[in-house]
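What the coordinates show
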Amino acid sequence: EIKETPASSKPIGQANFKVYPVPVADYLYFSSSEQNLSVNITDISGRVIISSEHVDGRSGIQVQSLPRGFYYLNAKGSQTDATVKFLKE
């Protein structure tokens, strides 16, 4: 039996870090126990598309200009180091 995983896979390195909604159209939000994170969004080839400092996940990151496809969000802070794959619709 083959089980499908959602478009947002489990985070690498941080169990309590989640992104939503997935798939995303306009704004990508994330939940973390830490605020003011450094965030990079990369395409599947590893090229940095969006880079922001002091990001609060409740405010969201505008991604509506990104083409459809899969991306990685990497968030770093003093207690957070997480990478999550997400789908831009």
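First, a word on what this report is: a plain description of the structure on this page. All values derive from a computational prediction rather than experimental measurement.

**Some thoughts on the nonpolar core**
- Within the largest apolar cluster, 19 residues are counted, with the highest numbers of intra-cluster contacts made by F17, I41, I61 and L73.
- Of all the elements in the fold, those that place two or more residues in this core are β2 (27-31), β3 (37-43), β4 (48-55), β6 (69-76) and β7 (81-88).
- Not counting chain neighbours up to four residues away, the residues in contact with I61 comprise D26, Y27, L28, F30, V39, I41, I50, V55 and L73.

**Section: the pairing of β2**
- On β2, burial follows the alternation: L28 and F30 on one face are buried, whereas Y27, Y29 and S31 on the facing-out side are not.
- One ladder, built from three bridges, connects strand β1 (residues 18-20) with β2; its direction is antiparallel. In the strand pairing of β2, K18 is matched with S31.
- Connecting the antiparallel pair β1 and β2 is a turn made up of six residues.
- Relative to strand β5 (residues 61-62), β2 runs antiparallel, the two being bridged by two bridges. The residue of β5 that forms the bridge with L28 is I61.

**Overview of the sheet that holds β7**
- With antiparallel pairing, four strands are arranged side by side in an open sheet as β4-β3-β6-β7. A single partner strand is all that each edge strand has here, and the edge strands are β4 and β7. When the angles between neighbouring strand axes are averaged without regard to direction, this sheet yields 20°.
- Direction of pairing for β3 relative to β6: antiparallel, over a ladder of six bridges. Across the sheet, residue D43 finds its bridge partner in β6, namely Y71.

About the criteria used
Residues numbered from 1 in each chain as written. Predicted model: local features only at pLDDT ≥ 70, side-chain atom pairs only at ≥ 80, totals over all residues. Heavy atoms only, no water. Core = buried A, V, L, I, M, F, W, Y, C linked by side-chain atoms within 4.5 Å. Buried < 20%, exposed > 50% of the residue type's maximum accessible area, 1.4 Å probe, protein only. Helix = DSSP H or I, 4+ residues; strand = E, 2+ residues; numbered from the N terminus. Contact = heavy atoms within 4.5 Å. Pairing = 2+ DSSP bridges. Axes fitted to C-alpha atoms, helices over the stretch in contact; angles between N-to-C directions.

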